[in-house]
Amino acid sequence: MRAIGIILAGGNNNKMRALTQRRAVPAMPIAGSYRSIDFVLSNMSNSHIQKVAVLTQYNARSLNEHLNSSKWWDFGRKQGGLYVFTPTITADNGNWYRGTADAIYQNLEFLKSSHEPYAIVTSADAVYKLDYNKLLEYHIEKKADITVVCKTLRQDEDATRFGTVKMNEDMRIEEFEEKPMIALSNTISTGIYVIRRRLLIDLIEHSAEEERYDFVTDILIRYKKLKKIYGYKIQDYWSNISTIDAYYQTNMDFLKPEVRNYFFKQHPQIYTKMTDLPPAKYNPGSAVRNSLIASGCIINGTVENSILFKKAFVGSNCVIKNSIILNDVYLGDNTYIENCIVESRGTIRANTRHVGENGVKVVIEKNERYSL
Amino acid sequence: MKLLDKLKRGDDVIKKEMIAMLLAGGQGSRLGIVTSKMAKPAVAFGGKYRVIDFPLSNCINSGVDTVGVLTQYQPLRLNTHIGIGIPWDLDRNFGGVSILPPYEKSIHSEWYTGTANAVYQNLEYIETYHPDYVLILSGDHIYKMDYEVMLDFHKENDADVTIAVMPVPAEEAKRFGIVITDGHGKIVDFEEKPAKPRSNLASMGIYIFSWPVLREALIRLSSQNGCDFGKHIIPYCHKKGKKLAAYEYNGYWRDVGTLNSYWKANMELIDIIPEFNLYEEYWKIYTKNDSLPPQYISAEATIGRSIIGDGAEIYGAVHNCVISPGVIIGKGSVVRDSIVMKDVQIGGGCVIDRAIIAENTVVGDNVTMGTGGDQPNQYRPDIYNSGLVTIGENSVIPPNIQIGKNTAVSGDTVRADYPNGLLESGGVLIKAGGEE
């Protein structure tokens, strides 16, 4: 592959409320067994990108833990590999990453010392499959300076939380507005870009001189007339997870056979960190319907239209409906959970009731747990 | 250069205190068609594991990080499973897991003719690590054991050989190798499958040898045909007056050498609090994981008392089953008291009772297994019994077929193979692709 990968995994997002207090969005658990960053890492691995940098800053513990070995995504190679860059203090810099462009600027050596002609720059807060080779071919064919992967949302989806774009008939982007009050179209930027490595270095250095630090506003929007910026439309499933509702909905999409089939059955595969958990165990009294169950779960109660992440324990006479139970949650007997996201490592006492009345409720309960 | 000379010269010698030699070459013929294409240690167990995962995990959990795996019979599955040992953290710069198949020599090439002969043929491997002790394991038992505690026992007793033993019921004792002790852990005598056992301590086939003692015995008995630990090496050491100690083990230990014991040991895992608990944090069992999505349980499925692996899709009813990863069970099917291995597809409307269905098998719609009377198997009643239906790996069962009890089916079968759409109890149907 003629590109390196740069994953911008630094940001927090206050729309995720309490769920990202303890982890960065790219570490959000998805579909029972995965984390958000697995999708982009798997896409890169499956596109034969061999050298990938992850730029992280906000609450990266959970993310770093997830990335503790690069072998799960097949990046454990002599050539290339997976690099995690957090901000460091140097003789001439004592700042955090002040924005996405600054994050790249502070790690410019990585870009300069690479030899691949292109860079794929992407965020890690979306669930999708994409062959970056096809994207690169398109980029070359269009003779573009920058190619932005775009997605046309359904009419009922809110475009104003994204960057919206307007393209001409040749797919060149003419208008680009970041998080507009009123969306100029329902085609949005997915935050995935292709750019020549040399050009990226120039643009980033130039921005840094002008003390501009954001990749979207200071490079994409500022240069939209000057540089040839093209859009590449992603037709298949793509879903951003960076609000509570979007996160909930994206997970629930995996209960649909077509989504499961697309991600779980069709080539190429999505990889994730391996855990050594036993198979899920269904004890007498369990009743599970239309749900995804990850390994290590022990179920004694009722689970309906829900997703149980790894190592969830469901007590006797529990009822769980339309909910997402994150990793290593203990639900005491007779608990009732409906329309909720239960934060990982939570311990819910027996006889507790949590119902999301108007929309999804995030449940964070830290009680003492006595385990065997 | 000799080790001692190196030490005198002050050269760095990297050594391992104890290394393990894991005997994984056996066929396990009493598992019938389940082991027709793989060695017994490679047989699936408990949903996602293979039998060899248990001794390998015990090794790494006990701090034994150098393991030679001796393979011979159908090693492909075992080789791909072990790889370079990543799942067990046995990918090491020095040590780690090594697969040791028989190899050709300039003179006198031979297969591994017996357990001790296999180890003898790999003397060079062992000497690379300059061990003080060598642990001999077999790859066909389900248990958790801290070999380091056993080693401490070996050292405390100043033993030359330590044999792990466990108490068995008196009526069972005659199926085992029995050791007789002086009551203080010192072994005074042995009996191999005695008619009238003098003790209830059965050998578990786990030995720690002080390396010089084992080395001497292996070389001395190298011309012994089919040289075996239980039959030759241990009696030789005993005769030579070496100190033999019995290390008593009282935990969970199962031999899964027969279809019935294999089936029972699997079923024990689905008890509410299983005696052999895979869910505790302490002493984890590791295995090669394929990157698999979570399992999906559909709206019309019912599941009671079972364990189910990743990536499985259940649309029917499952009761008292051990279901491996990637299995699909169709709508309206009922599967009870069965072991279904990796990537098996079961169609809709099937009724399956007490079956062991091996990997990658496809079962058509409306197939019934485990019906009819309890007639014994017509060819191998010693293998296919206890009312079990055994289906070999990569088999195809056409739709609308009935299969009786104590039966074995293997290969790409078609409707014409079943007179009146029925394989009666006690029948065997093995087609090309499967072997007896």
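Up top is the structure these notes are about.
Residues numbered from 1 in each chain as written. Chains lettered and ligands numbered in written order. Predicted model: local features only at pLDDT ≥ 70, side-chain atom pairs only at ≥ 80, totals over all residues. Heavy atoms only, no water.

Caption draft 1: Region of interest: the overall build of chain A. What chain A contains, in helices and strands, is nine helices and 28 strands. Relative to the globule expectation of 21 Å for 372 residues, the C-alpha radius of gyration of chain A, 21 Å, shows essentially globular dimensions. With the C-alpha coordinates of chain A rotated into their principal frame, the extents come out at 65 × 45 × 40 Å. Nonlocal contacts in chain A, meaning residues at least 24 apart in sequence, comprise 59% of its contacts between residues at least 6 apart. Of the side chains in chain A, 48 bear a positive and 41 a negative charge, and the two mean positions are spaced by 4 Å. (Helix = DSSP H or I, 4+ residues; strand = E, 2+ residues; numbered from the N terminus. Rg over C-alpha atoms; globule rule 2.2 N^0.38 Å. Contact = heavy atoms within 4.5 Å. Lys, Arg positive; Asp, Glu negative; His and termini not counted. Charge placed at Lys NZ, Arg CZ, Asp CG, Glu CD.)

Caption draft 2: Fine view of unusual backbone geometry. Residues A:His267 and A:Pro268 are joined by a peptide bond in cis, for which omega reads -5°. Summarising the element assignment, A:Pro268 is placed in the loop between helix H9 (257–265) and strand S14 (280–282). One non-glycine residue, B:Asn320, adopts positive backbone phi at about 50°. Relative to the helices and strands, B:Asn320 is located in the loop between strand S18 (317–319) and strand S19 (322–323). Given the relative accessible area of 23%, B:Asn320 is considered partly exposed. (Buried < 20%, exposed > 50% of the residue type's maximum accessible area, 1.4 Å probe, protein only.)

Caption draft 3: Broad picture of empty space enclosed by the protein. Enumeration over the complete set of coordinates arrives at three cavities of 30 Å³ or more. Volume-wise, the largest cavity comes out at about 120 Å³. A:Met274, A:Thr275, A:Lys310, B:Leu292 and B:Asp310 are the residues nearest the centre of the largest cavity, which is lined by 13 residues in total. As for the second largest cavity, its lining consists of A:Arg22, A:Arg23, A:Arg35, A:Arg61, A:Ser62, A:Asn327, A:Ser344 and A:Arg345. Among the residues making up the lining of the second largest cavity, the classes are represented as no nonpolar, three polar and five charged. (1 Å grid on protein atoms, 1.4 Å probe; cavity = no way out; pocket = protein on both sides within 12 Å on 5 of 7 lines; lining within 4 Å. Points joined across faces, edges and corners; volume = space filled by probe spheres on them. Nonpolar A, V, L, I, M, F, W, Y, C, P; charged D, E, K, R; others polar.)

Caption draft 4: Representation of the sheet that holds strand S24 (residues 351–353) of chain B in the model. Residues and elements named next belong to chain B. Here we have seven strands laid out as an open sheet, ordered S15-S18-S21-S24-S27-S30-S32, and parallel in their pairing. Only two strands of the sheet have a single partner each, and these edge strands are strand S15 (302–304) and strand S32 (422–423). Note that strand S30 (residues 402–404) and S32 share two bridges and pair parallel. Bridge pairing links Ile-403 to Leu-423 in S32. (Pairing = 2+ DSSP bridges.)

Caption draft 5: Just a negative patch on the surface, in detail. Together, A:Glu169, A:Glu174, A:Glu175 and A:Glu177 give the surface a local cluster of negative charge. Counting through the fold element by element, A:Glu177 comes out in strand S10 (residues 173–178). (Patch = residues over 30% accessible without salt bridge, like charges linked within 9 Å, V, L, I, M, F, W, Y side chains within 5 Å. Areas by Shrake-Rupley, 256 points an atom, 1.4 Å probe, with all protein chains shown as cover. Salt bridge = Lys/Arg side-chain N within 4 Å of Asp/Glu carboxyl O.)

Caption draft 6: Fine view of the pattern of salt bridges. Residue and element names in this part refer to chain A. According to the stated counting rule, one finds 38 salt bridges over all chains in the structure shown. Note that Glu-210 and Arg-222 form a salt bridge whose closest N and O atoms lie 2.9 Å from each other. Within this pair, whereas Glu-210 is found in the loop between helix H6 (197–209) and helix H7 (215–221), its partner Arg-222 is found in the loop between H7 and strand S12 (229–233), the two being separated by 12 residues in sequence. In this structure, Arg-289 and Glu-304 form a salt bridge, with 3.0 Å as the shortest nitrogen-oxygen distance. With Arg-289 in strand S15 (residues 287–289) and Glu-304 in strand S18 (residues 302–304), this pair connects stretches of sequence that are 15 residues apart. In this structure, a network of salt bridges that share partners links the residues Glu-210, Arg-212, Asp-218 and Arg-222.

Caption draft 7: Inspection of the nonpolar core at higher detail. All names here are of chain B. The biggest cluster of nonpolar side chains holds 78 residues, and the ones touching the most others in it are Met-145 and Ile-206. With five residues, the top contributor of residues to this core is helix H9 (residues 259–268). With residues near it in sequence (within four places) discarded, Ile-206 still touches Leu-135, Ile-136, Leu-137, Tyr-143, Met-145, Tyr-147, Met-150, Thr-162, Ile-163 and Ala-164. Core analysis: the second largest hydrophobic core is formed by 51 residues, Ile-308, Ile-329, Tyr-418 and Leu-423 among them. (Core = buried A, V, L, I, M, F, W, Y, C linked by side-chain atoms within 4.5 Å.)

Caption draft 8: Structural view of the environment of B:His319. All names here are of chain B. Residue placement: His-319 occurs in strand S18. For His-319 and Thr-302, which are 17 residues apart along the polypeptide, the C-alpha to C-alpha distance reads 8.3 Å. Sequence-distant contacts of His-319, that is, excluding residues within four places in its chain, are made with Thr-302, Gly-304, Arg-305, Ser-306, Val-335, Arg-336 and Asp-337.

Caption draft 9: Structural detail: helix H7 (residues 211–220) of chain B. Residue and element names in this part refer to chain B. Of all the residues in H7, the buried ones are Trp-211, Val-213, Leu-214, Ala-217 and Leu-218. The buried side chains of H7 occupy one side of the element, clustering within an arc of 160° when seen end-on. Lining the buried residues of H7 we find helix H4 (115–120), helix H5 (123–128), strand S6 (133–138), strand S8 (161–167), strand S11 (201–210) and helix H8 (229–239). (Arc of directions from axis to C-beta.)

Caption draft 10: Local environment of the side chain of A:Asn251. Residue and element names in this part refer to chain A. Summarising the element assignment, Asn-251 is placed in helix H8 (residues 244–253). Of note is the side chain of Asn-251, whose polar atom sits 2.7 Å from the backbone nitrogen of Ala-31. Non-local contacts of Asn-251, meaning those with residues more than four positions away in its chain, are made with Pro-29, Ile-30, Ala-31, Ile-307, Phe-309 and Ile-324. (Polar contact = N/O pair within 3.5 Å; in protein donor to acceptor, adjacent residues only side chain to side chain.)

Caption draft 11: Structural context of the layout of surface pockets. Here the second largest pocket is characterised by a volume of approximately 1200 Å³. A:Trp72, A:Lys273, A:Met274, A:Thr275 and A:Asp276 are, among the 44 residues lining the second largest pocket, the residues nearest its centre. Those elements giving two or more residues to the lining of the second largest pocket turn out to be strand S3 (34–35) and helix H2 (61–66) of chain A together with helix H3 (76–82) of chain B. It is H2(A) that provides the largest number of residues to the lining of the second largest pocket, a total of four residues. For the lining of the second largest pocket, the two domains that each supply at least three residues are domain 1 (3–265) and domain 2 (281–371) of chain A. (Domains from an automatic or database assignment.)

Caption draft 12: Molecular detail of the interface of chain A and chain B. In this complex, chain A contributes 37 residues to the contact, which on the side of chain B involves 41 residues. For the pair chain A and chain B, the interface holds two salt bridges. Taken together, chain A and chain B are joined by 21 residue pairs in polar contact (both at pLDDT 80 or more). Of all the elements in the fold, those that place two or more residues in the side of chain A that touches chain B are H9, S14, S15 and strand S16 (291–293) of chain A. Taken together, the residues that form the side of chain A that touches chain B break down as 19 nonpolar, 11 polar and seven charged.

Caption draft 13: Representation of the sheet that holds strand S28 (residues 361–363) of chain A. Spatially, the 11 strands line up as an open sheet ordered S28(A)-S25(A)-S22(A)-S19(A)-S16(A)-S14(B)-S17(B)-S20(B)-S23(B)-S26(B)-S29(B), and their pairing is mixed. Looking at the sheet topology across the chains shown, the edges are occupied by S28 of chain A together with strand S29 (396–397) of chain B. Summarising the sheet, strand S14 (residues 295–297) of chain B and strand S17 (residues 313–314) of chain B pair through two bridges and their orientation is parallel. Directly across from B:Tyr296, in S17(B), lies its bridge partner B:Glu313.

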